[in-house]
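Structural overview
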Amino acid sequence: MAARTKSSKDRPSYRCTACGWTAVKWLGRCAECQAWGTVEEYGGAPSVRTTAAGRVSSAALPIAEVDVRTATARPTGVPELDRVLGGGLVPGAVVLVAGEPGVGKSTLLLDVAAKAADEEHRTLYVTAEESASQVRLRADRIKALSDHLYLAAETDLAAVLGHLDAVKPTLLILDSVQTVASAELDGAPGGMAQIREVTAALIRASKERGMATLLVGHVTKDGNIAGPRLLEHLVDVVLSFEGDRHARLRLVRGVKNRYGATDEVGCFELHDEGITGLTDPSGLFLTRRDVAVPGTCLTVTLEGRRPLVAEVQALTVDSQIPSPRRTTSGLETSRVSMMLAVLEQRGKISALGKRDIYCATVGGVKLSEPASDLAVALALASAASDTPLPKNLVAIGEVGLAGEIRRVTGVQRRLAEAHRLGFTHALVPGDPGRVPAGMKVTEVADMGDALLALPRRSRAQAPRSEEERR
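Residues numbered from 1 in each chain as written. Predicted model: local features only at pLDDT ≥ 70, side-chain atom pairs only at ≥ 80, totals over all residues. Heavy atoms only, no water.

1. Observations regarding the pairing of strand β4 (residues 94-99)
Here β4 lies mainly inside the structure; six of its six residues are buried. Taking every second residue as pointing to the same face, both faces of β4 are buried, with Val94, Leu96 and Ala98 on one and Val95, Val97 and Gly99 on the other. Pairing geometry for β4 and strand β8 (residues 212-217), over five bridges, is parallel. In the sheet register, Ala98 faces β8, and the bridge partner there is Gly217. Here β4 pairs with strand β9 (residues 237-242) via five bridges, running parallel. Looking across to β9, one finds that Ala98 is bridged to Ser240. (Buried < 20%, exposed > 50% of the residue type's maximum accessible area, 1.4 Å probe, protein only. Helix = DSSP H or I, 4+ residues; strand = E, 2+ residues; numbered from the N terminus. Pairing = 2+ DSSP bridges.)

2. Digging into the layout of surface pockets
One number sums up the size of the largest pocket: a volume of about 820 Å³. Within the lining of the largest pocket, the residues separate by chemical class into 15 nonpolar, ten polar and ten charged. The volume enclosed by the second largest pocket comes to roughly 320 Å³. Every residue lining the second largest pocket is counted, 19 residues in all, and those nearest its centre are Thr287, Arg289, Leu298, Lys391 and Phe423. It is strand β13 (residues 296-303) that provides the largest number of residues to the lining of the second largest pocket, a total of three residues. Considering only residue class, the lining of the second largest pocket consists of eleven nonpolar, four polar and four charged. (1 Å grid on protein atoms, 1.4 Å probe; cavity = no way out; pocket = protein on both sides within 12 Å on 5 of 7 lines; lining within 4 Å. Points joined across faces, edges and corners; volume = space filled by probe spheres on them. Nonpolar A, V, L, I, M, F, W, Y, C, P; charged D, E, K, R; others polar.)

3. Focus: empty space enclosed by the protein
In this structure the tally under the stated criterion is two cavities of 30 Å³ or more. Reported here for the largest cavity is a volume of approximately 70 Å³. What lines the largest cavity is Leu331, Glu332, Arg335, Val336, Met339, Leu367, Ser368, Glu369, Ser372, Asp373 and Val376. It is helix α7 (residues 333-345) that contributes the most residues to the lining of the largest cavity, three residues altogether.

4. Focus: the confidence of the model for the chain
Summing up the model confidence of the chain, the mean pLDDT is 87 and the portion of residues at 70 or higher is 93%. Across residues 1-8, confidence stays below pLDDT 50; counting only partners more than four residues off in sequence or on other chains, it has four contacts. Segment residues 457-470 is flagged for pLDDT under 50; beyond a separation of four residues in sequence, or across chains, it makes 18 contacts in the model. (pLDDT = per-residue confidence, 0-100. Contact = heavy atoms within 4.5 Å.)

5. Some details on a nonpolar patch on the surface
Together, Leu61, Ile63 and Val66 line one region of the surface with nonpolar side chains, adding up to about 340 Å² of accessible area. Tracing the backbone through its elements, the reader meets Ile63 in the loop between β3 (39-44) and α1 (79-85). (Patch = residues over 30% accessible without salt bridge, like charges linked within 9 Å, V, L, I, M, F, W, Y side chains within 5 Å. Areas by Shrake-Rupley, 256 points an atom, 1.4 Å probe, with all protein chains shown as cover. Salt bridge = Lys/Arg side-chain N within 4 Å of Asp/Glu carboxyl O.)

6. Brief notes about the nonpolar core
In terms of nonpolar packing, the biggest core is built from 46 residues, with Leu343, Leu374, Leu378 and Met447 touching the most fellow members. Elements with a minimum of two residues in this core: β10 (249-257), β11 (265-271), β14 (306-318), α7, β16 (355-361), α8 (373-385), β17 (393-395) and α10 (447-450). For this core, the element with the highest residue contribution is α8, accounting for ten residues. Discounting chain neighbours no more than four positions away, the residues touching Leu378 are Cys297, Leu389, Ala395, Leu427, Ala450 and Leu451. If you look at the next biggest cluster of nonpolar residues, it comprises 33 residues, including Ala114, Val135, Leu171 and Val252. (Core = buried A, V, L, I, M, F, W, Y, C linked by side-chain atoms within 4.5 Å.)

7. Looking at the pattern of salt bridges
Per the counting criterion, the structure on display carries 24 salt bridges. Arg74 is the salt-bridge partner of Asp118, the closest N and O atoms lying 3.6 Å from each other. Of this pair, Asp118 sits in the loop between α2 (105-116) and β5 (123-127) while Arg74 is found in the loop between β3 and α1, placing the two residues 44 residues apart along the sequence. In this structure Arg74 comes out as partly exposed when scored by relative accessible area, which is 25%. For Arg83, the salt bridge identified is with Glu264, shortest N-O distance 3.8 Å. Within this pair, whereas Arg83 is found in helix α1, its partner Glu264 is found in the loop between β10 and β11, the two being separated by 181 residues in sequence. Given the relative accessible area of 35%, Arg83 is considered partly exposed.

8. Side note on the side chain of Ser106
Relative to the elements of secondary structure, Ser106 occurs in helix α2. Of note is the side chain of Ser106, whose polar atom sits 2.6 Å from the side chain of Asp175. The contact partners of Ser106, leaving out residues within four places of it in the chain, are Tyr125, Arg138 and Asp175. (Polar contact = N/O pair within 3.5 Å; in protein donor to acceptor, adjacent residues only side chain to side chain.)

9. What about the packing of helix α4 (residues 157-167) against helix α5 (residues 192-209)?
In the contact formed by α4 and α5, the axes pass within 11 Å of each other and the chain directions differ by 10°. By the criterion of interaxial angle, the relationship of α4 to α5 is roughly parallel. In contact with Leu157, Val160, Leu161, Leu164 and Asp165 of α4, α5 contributes Glu197, Val198, Ala201, Leu202, Ala205 and Arg209. Across the contact of α4 with α5, the residue classes tally to eight nonpolar, no polar and three charged. (Axes fitted to C-alpha atoms, helices over the stretch in contact; angles between N-to-C directions. Parallel < 35°, antiparallel > 145°, perpendicular 65-115°, else oblique.)

10. Remarks on α7
Under the 1.5 Å per step criterion, the end-to-end length of α7 is 18 Å for 13 residues, consistent within 8% with the ideal 18 Å. Inspection of α7 places Arg335, Val336, Met339, Leu340, Val342 and Leu343 among the buried residues, and these make up the whole buried set. Viewed end-on, α7 has its buried residues packed into an arc of 165°, placing them on one side of the element. At its buried positions, α7 is contacted by β15 (326-329), β16, α8, β18 (398-399) and α10. (Expected span 1.5 Å × (residues − 1). Arc of directions from axis to C-beta.)

The following block contains the structure:
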């Protein structure tokens, strides 16, 4: 008698625990998210089904006749957050706010909850990680109390949906989505199935009620949003909350936004009384001094579409070890090393090769765009020659390995921001476009032209190495 072949239900199926991609055979690497070791067996192979045509919920309309008033954004009361969201929260929108522990997510969203609540718009804040009394203490500290702000401490999805029926809010804040679970599914909170079910249920409730929802999400050690990547695809907006816990500055970036641009950045300052928006954050990145100091140079960086004036500081000292130190903070070590090589080979500054180099930014800002190369190079050259640059000078430009100064984007916006803050002289690549009135702009073609900003006598008196002194 012939052996019975296995049916599709008997055959095992495999699924990626990171993104939910399925396959009929095991693979060491997921073909969807390219993660290694995440494909696991979970049951029978999915059978192919067909769906018959059913009753439609609403008739299709010509696109010009669709009512757009229901998609009008409502301001949250926090202008910096509204800038990133594209004007405010759209009814029915689901926003995921992700960030490291302690960065200030709960503080910001509690402030948003209080400011967005009024007689016509109730706000429900559901905490699944803290007790209600802990959240109340934080609300007292940051003055986020409102008669129309409701607070609940729940970890069960059914209880959260029950609160929605009782309160009928226009804004729901859930902290956090990884700690809420459904009793209808097996698995611990934070698992792929639980996160998918909780998120899908809240999205369904948000769309049906026209209720905006803010979800707090955890991140992994690599900075990625914890849980399946499907979570980012389900929601309408993904915001990344960034900041060093040792600095006051916090940045909210738009990673995904179905209602606006993704190149906006909101700036906040975290302090003992809470978190406040910074409409002019450039002051955090500058050191106010009456006398110019060697080893400092200012530049204008673009965070999204927002120009920010930042200060680069450099220090060079004689090395006491055979391999000189190269220490950076707020800057990419590889780009600083490139600037050192360009200065030594193209700028003819040989004293840098055998000295300890320390290079950092002010205020915790991170400069990663190539437009800050020229400022880093001039700060290093100023430190090597022990000569200060002009006090009101800003440097903008990318430096190539051949020593050329390349053009960067947004030069006019950068110059306008520098002029607004009182800077009168700028070093920029060729063809900068319209220059603000009253500002002296010097076009530099290569590193030799840029080093002319240092006094000639001081450049000739650059510190010599120990062998040259002997």
